[in-house]
Amino acid sequence: MINAQRKNKKKILALAIGSVISATSYSEASSLVNVKPSQMVQGGNGLIQTPTARMRDEGGMAINYTDNGEYRFWSVNIQLFEWMEATARYTDVRTRLYSQSESFSGDQTLKDKGLDVKFRLWEESYYLPDISVGFRDFGGTGFFESEYINASKSVGPFDFHLGLGWGYLGTHDDFTSPFCEIKDSFCERPSGFSGRGGKVDYDQFFKGPMAVFGGIEYQTPWEPLTLKLEYEGNNYVNDRAGELQQDSRWNIGAVYRYKDIDLSLNYQRGNTIGFGLTYRFNMHTASQAKFDEEPRDLMRRRVPSSVEEVNKSRLYNDLYRDGGFVLHDANLEEDKAIFYGTQTKYRNQDEAIERIGRVAASELPDSIETYHIVDNRGGRPLVDTQIDAEAFIAAARYESVESDIKQTYHRTSPSKEVIDAYDPENTNGFFYSTDFFWVQTFGNPEEFYLYQTGLLLNSGYAFNSKFSVMGSARVTVLDNFDKFNFLVDAEDVVLPRVRTRVREYVNNDVWIDTGFAHYKDNISENVFGQAYAGYLETMFAGIGGEILYRPVDSNLAYGIDLNYVKQRDPNNQLRLEDYDAITGHVSVYYKPEFLEGSQLSVSAGQFLAKDKGVNIDFAKRFDSGIIVGAFAAFTDVSAEDYGEGSFTKGFYISIPTDLFLLKPSKGRGFIPWIPIGRDGGQMLTRPTRLIDMTEVRSPFYD
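Here we summarise the structure given alongside this text. The written sequence of each chain sets the order in which its residues are numbered from 1. For this predicted model, a pLDDT threshold of at least 70 governs which residues receive local features, and a threshold of 80 or more governs which side-chain atom pairs are given and counted, while totals over whole chains, interfaces and linings are taken from all residues. With hydrogens and water set aside, each side-chain value is computed from the structure's full complement of heavy atoms.

**Examining empty space enclosed by the protein**
Quick note on the threshold: With a 1 Å grid spanning the protein atoms alone, the term cavity applies to any set of points in which a 1.4 Å probe fits but cannot get out, the term pocket to an open set with protein on both sides within 12 Å along at least five of seven lines, and the term lining residue to any residue with an atom within 4 Å of a point. Grid points are joined across faces, edges and corners, and a volume is the space filled by probe spheres set on the points. Helix numbers and strand numbers start at the N terminus; a helix is a DSSP run of H or I with at least 4 residues, a strand a run of E with at least 2.
A complete count under the given rule lists seven cavities of 30 Å³ or more for this structure. Lining the largest cavity are 26 residues, and of these Gln 39, Met 40, Val 255, Ser 264 and Asn 266 lie nearest its centre. Those elements that provide at least two residues to the lining of the largest cavity are strand E1 (60-68), strand E10 (250-258), strand E11 (261-268) and strand E12 (272-282). The element contributing the most residues to the lining of the largest cavity is E11, with six residues.

In structure tokens, the structure reads:
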């Protein structure tokens, strides 16, 4: 008895000691994240002029402006994955002009574009630091081109950083690079700027002088305020703004955080005061409160005893009002109900199906075993979501603690029987819509920011569900494109001017963008086809076709398109010029499971300028529905023949409109950024793409 009591006491003591140790360990571990990362002058997680190894939460975006003596910086930093961040930047060099030609750029100061990336190699643990490797300004003119490896370690309210830098971050040349001991070519850094820009200078990576940089961040007891102390690796001798005086390698700064805004103030080089403003938000968690009806309650469900007693008018109206489902056709039988329509309200597929299912379950008799929700696009049934009525009702009424509505339905291709039963009342007739458009460009020689806005008028006539004619006209309401000094640049080019004449086209106040005949059809269950002819886009007319293989909810889709086009005359909307080309691509669309929420599109073939190569597009989708992406085209055209920029590339962000609305919506806004548009690697902007028309079969943008 006494031994048993002693054993119990020992157990209790062991548990108490274990609890104290666990609590202490948790407290110490949680202290690792006391100092929240903030943006450095040029954008990206860092101190003042130097980066740190830190990463923010995945989906984090920071929009920054900093004023730094001779430089001003505008940048956008995105945490694409928990292990990768990217920064796009514009630099205004106040001490230099854009060009020496006053008729070309006036007194505008020099502007430069830059792109940075950073990858985390090791995540911080109790004893080991975060370790990252980064590449700054690696794809631009090389103003600030550098590579670095750095480490960050938190201790209570302090965050310590230490790094080694090459290029711009290593000009102090503190000691000989260890890579130089391995190979002589690493001892000297090749000349950085080729004059074309846009080229990734792999031959310069980790070469030349090397310097130490780093510093300390201190989270003060006053939560909004963080203090910074930094030791630089750059000596400012070869800066683009000219040689800058550096009285000290030590910089100091402070960051004041108010809600989603960071205000920064710093003192650099022992002689320069700088300041900045950052707006932060997270693309995973971004949301907007909605005023919307709750999904229909089935707890007091009262339904008719037979199909004949169904109030069809109320049912069909409620499918739209409560479920956002615009009905095109419906078939009600004793054991199944089929609804053909288009979801126009809810972006979330599961929410949409649950709402529609609840409406059906509240209006249809128990004899109906299956609800078919057939989603149409362009008048064609594309996906059949089959709901097990009995299981759905049980789950919706929470009859089991393990109830899961998502397990009561599945998506599949519409069967031949379902397709044959589709008989909408109106498959022909006129249609029209009006959209608002906004075009903007940055970094232009005439004016840093140019814009154009107005109305996009769309209309057409459908002869049936397969064949139609349609078109769109762009009406400019407001713009400053009249500041274009040269409609076509004077550079001698090897390639046909398939895109560098774009200024001639956008200078028209009213322009017919498209006007074409269109035919589409299902070739088989998973294969779709289309053909089109007419004015296909702003700059080209022609004839073409496309075939796409896309199973329901597959991570893979394959397609091929082929087009014959002629260039349109910018001075006469209906006339064509002599230049013609055959262009087309074989495309693969892939959603890799190992990169959640991403889509990779690869298109190989011949481009508008008759150059051959591949276009690669990578997009990342966040939980809010925001999508960011980048693309690049690599062809058989050399960097010299391509011209400034070296190769075609661009970035974009797609934002759901319901992030700004109080009601659910499926619309999207698309904001592209193409640093430099030349003629190589340019694809035809086809008026319709099957990958877009069949989006509902394997949603990424929806």
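**Things to note about the packing of helix H4 (residues 312-321) against helix H5 (residues 349-363)**
Applicable threshold: Helix axes are fitted to C-alpha atoms over the stretch in contact, other axes to C-alpha atoms as well, and angles between N-to-C directions run from 0 to 180 degrees. An angle counts as roughly parallel when it lies under 35 degrees, as roughly antiparallel when it exceeds 145, as roughly perpendicular when it falls between 65 and 115, and as oblique in every other case. The sense of a crossing depends on the near helix, which, turned anticlockwise from the far helix by less than a right angle, makes the crossing left-handed and, turned clockwise, makes it right-handed. Only heavy atoms matter for contacts: two residues are in contact if any of them lie within 4.5 Å across the pair. Ten residues, namely Ala, Val, Leu, Ile, Met, Phe, Trp, Tyr, Cys and Pro, are considered nonpolar, four, namely Asp, Glu, Lys and Arg, are considered charged, and the remaining ones, Gly among them, are considered polar.
In the contact formed by H4 and H5, the axes pass within 9 Å of each other and the chain directions differ by 165°. Considering the angle they form, H4 stands roughly antiparallel to H5. Like other packed secondary-structure pairs, H4 and H5 cross with a definite hand, here right-handed. Every residue of H5 that contacts H4 at Arg 314, Leu 315, Asp 318 and Leu 319 is listed here: Ile 356, Val 359, Ala 360 and Glu 363. Considered class by class, the residues forming the contact of H4 with H5 number five nonpolar, no polar and three charged.

**Quick notes on the pairing of strand E6 (residues 146-155)**
Put simply, the rule is: Each residue's exposure class comes from its accessible area (1.4 Å probe, protein chains only) as a fraction of the maximum for that residue type: buried when under 20%, exposed when over 50%, partly exposed otherwise. Think of it this way: DSSP has to see at least two bridges between two strands before they count as a pair.
Here E6 lies mainly inside the structure; seven of its ten residues are buried. One ladder, built from seven bridges, connects strand E5 (residues 130-136) with E6; its direction is antiparallel. By the bridge assignment for E6, Val 133 is matched with Ile 149. Linking E6 to strand E7 (residues 158-167), which pair antiparallel, is a turn of two residues; within it Gly 156 sits at a positive phi near 60°.

**Looking at the sheet that holds E7**
Strand order in the closed barrel formed by twelve strands is E1-E2-E3-E4-E5-E6-E7-E8-E9-E10-E11-E12, and the pairing between neighbours is antiparallel. Geometrically, the sheet is characterised by an average inter-axis angle of 20° between neighbouring strands, direction not taken into account. Of the pairings in the sheet, the one linking strand E3 (residues 84-97) to strand E4 (residues 109-122) comprises eleven bridges and is antiparallel in character. In the sheet register, Tyr 90 faces E4, and the bridge partner there is Lys 113.

**Thoughts on the state of the cysteines**
Here is the rule we go by: Disulfide: a pair of cysteine sulfur atoms within 2.5 Å of each other.
The tally for this structure, following the rule as stated, stands at one disulfide. With a sulfur-sulfur separation of 1.7 Å, Cys 180 is cross-linked through a disulfide to Cys 187. With the S-S dihedral at roughly 85°, the linkage between Cys 180 and Cys 187 falls on the right-handed side.

**A short note on the pairing of strand E20 (residues 467-479)**
In the sheet, strand E19 (residues 449-462) pairs with E20 via eleven bridges, with the strands oriented antiparallel. Bridged to Thr 453 within E20 is Leu 478. Between E19 and the antiparallel strand that follows it, E20, lie four residues. Two elements, E20 and strand E21 (residues 510-522), share nine bridges in a ladder whose sense is antiparallel. Opposite Arg 474, over in E21, you have Trp 511 as the bridge partner.

**What about the environment of Ser 698?**
Mapped onto the secondary structure, Ser 698 falls in the segment after helix H10 (690-693). Under the relative-accessibility criterion, Ser 698 is labelled buried at 4%. Distance from Ser 698 to Ala 557, taken between C-alpha atoms, is 9.3 Å for residues 141 residues apart in sequence. Residues contacting Ser 698, with those up to four places away along its chain left out, are Arg 411, Arg 550, Asp 553, Ser 554 and Lys 591.

**Structural notes on the layout of surface pockets**
Empty space within the second largest pocket amounts to approximately 990 Å³. Looking at the lining of the second largest pocket, the elements that each hand over two or more residues are H5 and strand E27 (612-621). It is H5 that contributes the most residues to the lining of the second largest pocket, four residues altogether. Class assignment of the residues belonging to the lining of the second largest pocket gives a composition of nine nonpolar, ten polar and 20 charged.

**Description of helix H6 (residues 389-396)**
Applicable threshold: Note that the arc is defined by the directions from the helix axis to the C-beta atoms. Polar contacts here mean pairs of N or O atoms no more than 3.5 Å apart (in protein, one a potential hydrogen donor and the other a potential acceptor; neighbouring residues in sequence count only if both atoms are side-chain atoms).
Buried within H6 are the following residues: Ala 389, Phe 392, Ile 393, Ala 395 and Ala 396. Mapping the buried residues of H6 onto a view down its axis gives an arc of 165°, with all of them on the same face. Buried residues in H6 make contact with H5, strand E15 (370-377) and strand E16 (380-388). If you check the start of H6, you find a side-chain oxygen 3.3 Å away from the backbone N of Glu 390, and it comes from Asp 388. Remark: Tyr 398 follows H6 within two positions and exhibits a positive phi of approximately 55°.

**Digging into the pattern of salt bridges**
The following threshold applies: Here a salt bridge means any side-chain nitrogen of Lys or Arg lying within 4 Å of a carboxyl oxygen belonging to Asp or Glu.
Applying the stated rule across the entire model yields 46 salt bridges. The residue Glu 351 makes a salt bridge to Arg 355 at a minimum N-O spacing of 3.4 Å. Of the two residues, Glu 351 and Arg 355 both sit in helix H5, four residues apart, roughly one turn of that helix. The class for Glu 351 is partly exposed, based on a relative accessible area of 33%. When salt bridges with common partners are traced through the structure, they connect Arg 296, Arg 314, Asp 318, Arg 321, Asp 322 and Glu 363 into a single cluster.

**Some points on the sheet that holds strand E17 (residues 409-412)**
Read from one edge to the other, the open sheet built from five strands follows the order E13-E14-E15-E16-E17, with strand pairing classed as mixed. Both outer strands of the open sheet, strand E13 (325-332) and E17, are each paired with one neighbouring strand and no more. With direction set aside, neighbouring strand axes in the sheet form an average angle of 20°. Note that E15 and E16 share eight bridges and pair antiparallel. Paired with Arg 377 across the two strands is Arg 380, which belongs to E16. Packed onto the sheet, H4 meets E13 and strand E14 (336-343) and runs at close to 145° relative to E13. Running at roughly 65° to E16, H6 makes contact with E15 and E16 of the sheet.

**Description of unusual backbone geometry**
Working note: non-glycine residues mostly have negative phi, and peptide bonds are mostly trans. Not every positive phi belongs to a glycine, and Asp 137 is a case in point at roughly 50°. Looking at the secondary structure, you find Asp 137 in the loop between E5 and E6. The class for Asp 137 is buried, based on a relative accessible area of 0%. Here the phi dihedral of Lys 610 falls at roughly 70°; this positive angle occurs in a residue that is not glycine. Along the chain, the position of Lys 610 falls in the loop between strand E26 (598-606) and E27. With relative accessibility at 41%, the residue Lys 610 sits in the partly exposed group.

Read these as layout, nothing more, since geometry by itself doesn't imply function.
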